[in-house]
Amino acid sequence: MKAGRPSKDAKNTLDLSDVTNAPKKTARVNFNLDEEKYILLKKYALNNRKTVTQLLTDMIDEKIVER
């Protein structure tokens, strides 16, 4: 018997990262928007039960076709 954490020496076990796809890298987008347009955008996102990020990502996906 030895002291210490038994899981530290486990080398033949699978981690979650071994069986899942690696996440895609992301880039941050930052731009200025008129306050009134921003409020309308937030209202639109709320009415559609989405975040502004989800909404803008969906809109960008519609405009850009990846090949």
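Residues numbered from 1 in each chain as written. Predicted model: local features only at pLDDT ≥ 70, side-chain atom pairs only at ≥ 80, totals over all residues. Heavy atoms only, no water.

Considering the overall build of the chain
This is how the line gets drawn: To qualify as a helix, a DSSP run of H or I must reach at least 4 residues; to qualify as a strand, a run of E must reach at least 2; elements of each kind are numbered from the N terminus. Accessible area is worked out with a 1.4 Å probe on protein chains only. A residue is then buried under 20% of its type maximum, exposed over 50%, and partly exposed in between. Surface accessibility follows the Shrake-Rupley procedure with a 1.4 Å probe radius. Residue values consider only the protein chains on display as shielding.
Looking only at helices and strands, one finds three helices and zero strands in the chain. Going from the N terminus to the C terminus, the chain shows its helices and strands as α-α-α. Looking at the chain as a whole, 6% of its 67 residues qualify as buried. Accessible area of the chain: about 7,600 Å², with a carbon and sulfur share of 52%.

Details of the packing of helix H2 (residues 35–47) against helix H3 (residues 52–63)
The criterion, for reference: Between N-to-C directions, angles span 0 to 180 degrees; the directions come from axes that are lines fitted to C-alpha atoms, helices contributing only their stretch in contact. By definition in this entry, angles of less than 35 degrees are roughly parallel, angles greater than 145 are roughly antiparallel, angles of 65 to 115 are roughly perpendicular, and the rest are oblique. When checking whether two residues touch, look at their non-hydrogen atoms; a contact exists if any pair is within 4.5 Å. In this classification, Asp, Glu, Lys and Arg are treated as charged, Ala, Val, Leu, Ile, Met, Phe, Trp, Tyr, Cys and Pro as nonpolar, and every other residue, Gly included, as polar.
Axis separation between H2 and H3 bottoms out at 9 Å; the angle between their running directions is 90 degrees. The angle between the axes of H2 and H3 places the two elements in the roughly perpendicular class. The segment H2 lies against H3, with Leu41, Lys42, Tyr44 and Ala45 engaging Val52, Leu55 and Leu56. Residue composition of the contact of H2 with H3, by class: six nonpolar, no polar and one charged.

Description of the confidence of the model for the chain
The line we're drawing: Think of pLDDT as the predictor's per-residue confidence, scored from 0 to 100.
For the chain, mean pLDDT is 84; residues scoring 70 or higher make up 84% of the total. Ranking the elements of the chain by mean pLDDT puts helix H1 (residues 16–19) last with 71 and H2 first with 97.

So, the pattern of salt bridges
Our working rule: The rule for a salt bridge is simple: a side-chain nitrogen of Lys or Arg has to be within 4 Å of a carboxyl oxygen of Asp or Glu.
Here the structure, examined in full by the defined rule, presents one salt bridge. One salt bridge in this structure joins Asp58 and Lys50, with 2.4 Å as the shortest N-O distance. Relative accessible area serves as the criterion here: at 29%, Asp58 is assigned to the partly exposed category. The class for Lys50 is partly exposed, based on a relative accessible area of 34%.

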